[in-house]
Amino acid sequence: MRDILSLFFAYAKSGLKSRFQYKVDAIVVIFAVFLREAGGIIAMYLALQKFGTVNGWSIDELLFLFSLIFITYGIFIVFFMALRDFPDWIKHGDFDRVMVRPRGVLTQLVLCGADWLAAFGHGTLGLLLLLVSANRVGIEWDVKTVLYYVMCVAGGVLIQGAVFLTFSAITFYVLETGSLKEIFYWNMRKFAIYPLSIYNKFIQAILLIVVPFAFVNYFPAQFFLRKPDMAQYPGWLMYITPAVGVAMYLLAYAFWRFSLRFYKSTGN
Amino acid sequence: MSRYIQFAVIRFKSKTAYRFDYFLGILNTLLSFVVYYSIYKALYSGQSYIDGVSFSMVTTSFLISLGLGSAFHKNEMFLQDKIKQGTIANELLKPVNFKLRMLFEDAGEGAFNVVFNFLPTAVIAALFAHLSTPSGALDLILCIASVMLGYIVLWQISFIVQSLSFWLFSVWGLVTIKNVLINIFAGAYIPMWFMPERIRSILHFTPFDSIYFMPVQLYLGQLNEMQVALGFAKQLVWIAVLYVIGEVCWRCGIKRLVVQGG
Amino acid sequence: MSSENMIEVSGLCKTFKIQKRAQGFIGALKNVFYPEHELKKAVNDVSFSIKEGEMVGFIGPNGAGKSTTVKMLSGILCPDSGQITVAGYTPHKQRKEYVANIGVVFGQKSQLSWDLSPLDSYEVIKHIYRIPDKLYKENLERYTELLGLGGFISQPVRQLSLGQRMRADIAAALLHSPKIVFFDEPTIGIDVVGKDKIRSFIKTLNKTDNITMIFTTHDMQDIEQTCERLIIIDDGKKLYDGSLDNVRKGYVSTRIIEAEFERLPVLLNIPKTEVAEAGGDPHKRIVTFNTDEIATGEVMAALMDTHNIKDISIKEPGIDAVIRDIYLGKIVIG
């Protein structure tokens, strides 16, 4: 474990050093990421100004729901960035280098890929939203709620990590997975910004079973908010986010291990 | 000119090589539409008109915005990549106008997106969403004309930001910020009808509201002759202004490149 | 299997699937809806063995299968069939344990961070390979000196010349004291002086440290100056495996005479020789023959008897020409 940590810090040090070679650019990039993500919030704010509520959710409750996406993504991007951009790693030959180093392939990818600038952008925005909204929607923090919140964030990170681990494994077979990512991650994420209950049954099923974004933010948020639209789902769904995260990650890992042997390298 | 059209055709063809991506691309656009559709269905929650705007007008406006998004293709890191790799000098030696070539290649990719991605999506969307039909043939033609002008405006803004890569280490941040601002001001996030009145009155002076919203209004037949003429005039003025700025940036950049020996 | 063999390869095969691109607009549509594939045998039944401390050059044109072979040897690719044993390991099955013993230099792909100095990258490599402090320091000092990195080891890689970068890359691959090193096109794109530095370093290291080395290139000079043994690969097949000298000997009896004559017409009819025009100049001829069949003196005499000669030179064919002829199937050695 100490060994892994020291490797992580070695990567982090070199990664940060490399990004902050160009300080002005680094700051512009952080700001750009922040602003780009804030665009979605502005859209939500303007719409809610006009319409008041969506399915009984007020703007503050929606912001709390939204904040979970940014916070989990901010952490996700520290550990799973290399998997998010995995087709590029293969195309540019970086994965060959990973293969000839005496560490677990996934260990290297998880530890070395961090995009710190984007992580700052998303993380700051998420924390800001959380601070603003949590108070206004009246969440009472105690040991139990804080602990469950942390576990839900970890579960949410693992769920998204598992999704990208699966995509990366598919990359060994088809090389180009850009659209797959676009559909099953970025679009699902767009859905997850608003409460699950506003969508039709088919989309709900996808968000529950196929790409379970509902467990990244909707059900954890329901644990804290208990909005009336929760009545249409079994109550225990509010409590299983951490378990879903671990289970999905293990499944994805097994698929990844199986697929690694089909790696074809580039230049052929 | 035929040479430049050839650039567009080549780009169009080269896009057909990725089949897996192609089918998923349609699904992808469709899903973006479904997100908006679902959100506004919930917001309307059964009401037929809000502020005189019907639900089918809102969905039509979203669909048109999506189509414009895919038609308005710009390879925003193109110039930076060429400068970084040091191949810009070779490009300049070729006997073609670099800027026009860029424009036509982008337009070729945009055309591919419209034909192979947006049109199939629109057909599928029409099956489940109640969409408005164009108010008339003339309106449709005007709509397409305004789309083309809008593309040139957007493309030139992109070119100006890109040409800053002669001076900056990376323009990714600026490109991103630019796109956020355009999206907000052009009404890509929220239909312009629902924008607060104060913001709308400011937006009238920018080129943005006529890029996304004017085609929508033309399609729905919401504009009178005066407004149409004014809209087109505004676009033309902006095209001229942006052209001058773009040329200045480009020439200064090239000069700097030559002085520094690229 | 003999115990002194560091690398044993037998019956190695690897096939890739390649999408066919149809031409024209209809073709482009076809690519979208009915893509066709063809199979390419990148490596086709290749066998060889390499002893500990040996240095072997892999040569072949682009796409011949040398990189694919090296990628299978280094555990990156899984072979379709055939056996590989390196230092007692099966590379793709025992990857993690195995690769601690090897170093790999990809000429086309640096392992150094573009915006950082080589030294910064070495620090990360030290952690990845768990190199003990003492060994790391020793190796770093040694290779800094041998490869002449001192002047630029703290500069960002983006400011280095290709030759400097490659030397820094070679050091990076050696910091953990590997037993086997694979050099995949290490001199590609580098100027003559830079190439010489790299070649002489590799040769020295092989001699002093008894490191087993495989060196792929399509530059024949690389091989001539570093390796004693040569494996020629083309179209996925092994065409030749033996000493460099043998290749030379196969052609050692061939001679080429270039002559320029004073007057036209030039009419040459010497038995057992081949005569060709040279560069479109009607006064010049190239005469090729084998000294086992006809003595050089006889050819010279035949030329001078019939014509007035302005200039004449005798040459041995270069190793490049030999290799080219092997690719073309003109000569078979073995």
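1. Focus on the overall build of chain B
Each helix and strand counted, chain B has eleven helices and two strands in total. Tracing chain B from N to C terminus, the helices and strands come up as α-α-β-β-α-α-α-α-α-α-α-α-α. Radius of gyration (C-alpha) of chain B: 20 Å, near the 18 Å computed for a compact globule of 262 residues. Along the three orthogonal principal directions, the C-alpha set of chain B runs to about 65 × 45 × 35 Å.

2. What to know about the overall build of chain C
Scanning chain C for helices and strands turns up eleven helices and 13 strands. Along the three orthogonal principal directions, the C-alpha set of chain C runs to about 75 × 55 × 45 Å. Within chain C, the proportion of its 334 residues that are buried is 36%. Long-range pairs, those at least 24 residues apart, make up 71% of the contacts in chain C between residues at least 6 apart in sequence.

3. Some remarks on the sheet that holds strand β11 (residues 273-278) of chain C
Residue and element names in this part refer to chain C. Taken in spatial order, the four strands line up as β11-β12-β10-β13 in an open sheet, and their pairing is antiparallel. The open sheet is flanked by β11 and β13 (309-315), the only strands paired with a single partner. When strand polarity is set aside, the average angle formed by the axes of neighbouring strands in this sheet is 20 degrees. Of the strand pairs in this sheet, strand β10 (residues 254-261) and strand β12 (residues 281-290) are connected by seven bridges, and their pairing is antiparallel. In the sheet register, I257 faces β12, and the bridge partner there is V287.

4. As for the sheet that holds strand β6 (residues 180-184) of chain C
Residue and element names in this part refer to chain C. The sheet built from six strands is open, its strands ordered β5-β6-β7-β3-β8-β9 with mixed pairing. The open sheet has two free edges, formed respectively by β5 (102-106) and β9 (237-243), since each of these has just one partner strand. Neighbour to neighbour, the strand axes of the sheet diverge by 15 degrees on average, direction disregarded. Pairing of strand β3 (residues 55-59) with strand β8 (residues 229-234), which is carried by four bridges, proceeds in the parallel orientation. Looking at the pairing, V56 lines up with R229 of β8.

5. Here we look at the interface of chain A and chain B
With 33 residues of chain A at the interface, the matching set in chain B holds 30 residues. Contributions of two or more residues to the side of chain A that touches chain B are made by α2 (23-51) and α10 (178-192) of chain A. The element that contributes the greatest number of residues to the side of chain A that touches chain B is α2 of chain A, accounting for 15 residues. The residue makeup of the side of chain A that touches chain B, split by class, is 20 nonpolar, seven polar and six charged.

6. Details of the pairing of β11 of chain C
Residues and elements named next belong to chain C. For β11, a buried count of zero out of six residues is recorded, marking the element as mostly open to its surroundings. With six bridges connecting them, β11 and β12 associate as antiparallel partners. Counted as the bridge partner of V275 is V287 from β12. Counting the residues that bridge the hairpin from β11 to β12 gives two residues, and of these G279 lies at a positive phi of roughly 55 degrees.

7. Description of the nonpolar core
Ranked by size, the top nonpolar core spans 138 residues in total, and within it F66, I77, I159, A192, L207 and F213 of chain A together with F33 of chain B carry the most contacts. Here this core takes 14 residues from helix α3 (residues 59-79) of chain A, the largest share from any one element. Residues in contact with F66 of chain A, not counting those within four places in the same chain, are I41, L129 and I193 of chain A. Of all hydrophobic cores here, the second largest spans 71 residues; its members include L147, L175, F215 and I223 of chain C.

8. Points about the environment of Q21 of chain A
Mapped onto the fold, Q21 of chain A is located in the loop between α1 (2-19) and α2. Measuring from C-alpha to C-alpha, the distance between Q21 of chain A and V110 of chain A comes to 23 Å, with 89 residues separating the pair along the chain.

9. Here we look at unusual backbone geometry
At D51 of chain B, a position not held by glycine, the phi torsion is positive, near 55 degrees. Locating D51 of chain B in the fold gives a position in the loop between β1 (49-50) and β2 (53-54). The backbone of S177 of chain C sits at a positive phi, close to 55 degrees, despite the residue not being glycine. The topology assignment puts S177 of chain C in the loop between α6 (162-174) and β6.

10. Brief notes about the confidence of the model for chain B
Considering every residue of chain B, the mean pLDDT works out to 85; 95% of them sit at 70 or more. Per-element averaging of pLDDT across chain B places helix α1 (residues 2-14) of chain B at the bottom with 76 and helix α7 (residues 137-163) of chain B at the top with 91.

11. Examining the pairing of strand β1 (residues 5-20) of chain C
Residue and element names in this part refer to chain C. Both β1 and strand β2 (residues 36-51) contribute to a ladder of twelve bridges, which runs antiparallel. Each residue of the ladder has a partner; that of N5, found in β2, is K51. As defined by bridge partners, β1 adjoins strand β4 (residues 81-86) across five bridges and the pair is classed as antiparallel. Bridging from a neighbouring strand, V9 pairs with I84 of β4.

12. Looking at the packing of α3 of chain A against helix α8 (residues 116-136) of chain A
When two helices pack together, their arrangement is given by the angle between their axes and by how far apart the axes lie. Residues and elements named next belong to chain A. Look at α3 against α8: their axes get within 7 Å of each other, and the N-to-C directions meet at 150 degrees. For the element pair α3 / α8, the angle class is roughly antiparallel. In the packing of α3 onto α8, the handedness of the crossing is left-handed. Partitioning the contact of α3 with α8 into residue classes produces 16 nonpolar, six polar and two charged.

13. Focus on the packing of α2 of chain A against α3 of chain A
Residues and elements named next belong to chain A. Contact pair α2 / α3: the axes reach a minimum separation of 11 Å and the direction vectors enclose 165 degrees. In terms of their interaxial angle, α2 and α3 are classed as roughly antiparallel. Judged by the twist between their axes, the crossing of α2 over α3 is right-handed. When α2 is examined against α3, the residues E37, I41, M44, Y45 and L48 are found in contact with a partner set consisting of I59, L62, F66 and F70. Taken together, the residues that form the contact of α2 with α3 break down as eight nonpolar, no polar and one charged.

14. Concerning helix α10 (residues 208-220) of chain B
Along an α-helix, residues three or four positions apart point the same way, because every turn accommodates 3.6 residues. All names here are of chain B. The end-to-end C-alpha distance of α10, which contains 13 residues, comes to 19 Å, matching closely the 18 Å that a straight helix rising 1.5 Å per residue would cover. If you look at α10, its biggest bend is around 40 degrees, right at M214, and the proline P215 turns up within four residues after that. The buried fraction of α10 amounts to 13 of the 13 residues, a majority that puts the element mostly inside the structure. Phi turns positive, to about 70 degrees, at G221, one or two residues after α10.

15. Things to note about the confidence of the model for chain C
Across chain C, pLDDT averages 85, with 90% of residues at or above 70. Here the predicted complex scores 0.82 on pTM and 0.85 on ipTM.

Rules behind the numbers
- Residues numbered from 1 in each chain as written.
- Chains lettered and ligands numbered in written order.
- Predicted model: local features only at pLDDT ≥ 70, side-chain atom pairs only at ≥ 80, totals over all residues.
- Helix = DSSP H or I, 4+ residues; strand = E, 2+ residues; numbered from the N terminus.
- Rg over C-alpha atoms; globule rule 2.2 N^0.38 Å.
- Buried ≥ 20, exposed ≤ 12 C-beta atoms within 10 Å, placed from the backbone.
- Contact = placed C-beta atoms within 7 Å.
- Pairing = 2+ DSSP bridges.
- Axes fitted to C-alpha atoms, helices over the stretch in contact; angles between N-to-C directions.
- Nonpolar A, V, L, I, M, F, W, Y, C, P; charged D, E, K, R; others polar.
- Core = buried A, V, L, I, M, F, W, Y, C linked by C-beta atoms within 7 Å.
- pLDDT = per-residue confidence, 0-100.
- Parallel < 35°, antiparallel > 145°, perpendicular 65-115°, else oblique.
- Left-handed = near helix turned anticlockwise from the far one by under 90°.
- Expected span 1.5 Å × (residues − 1).
- Bend = angle between axes of the 7 residues up to and from the residue.

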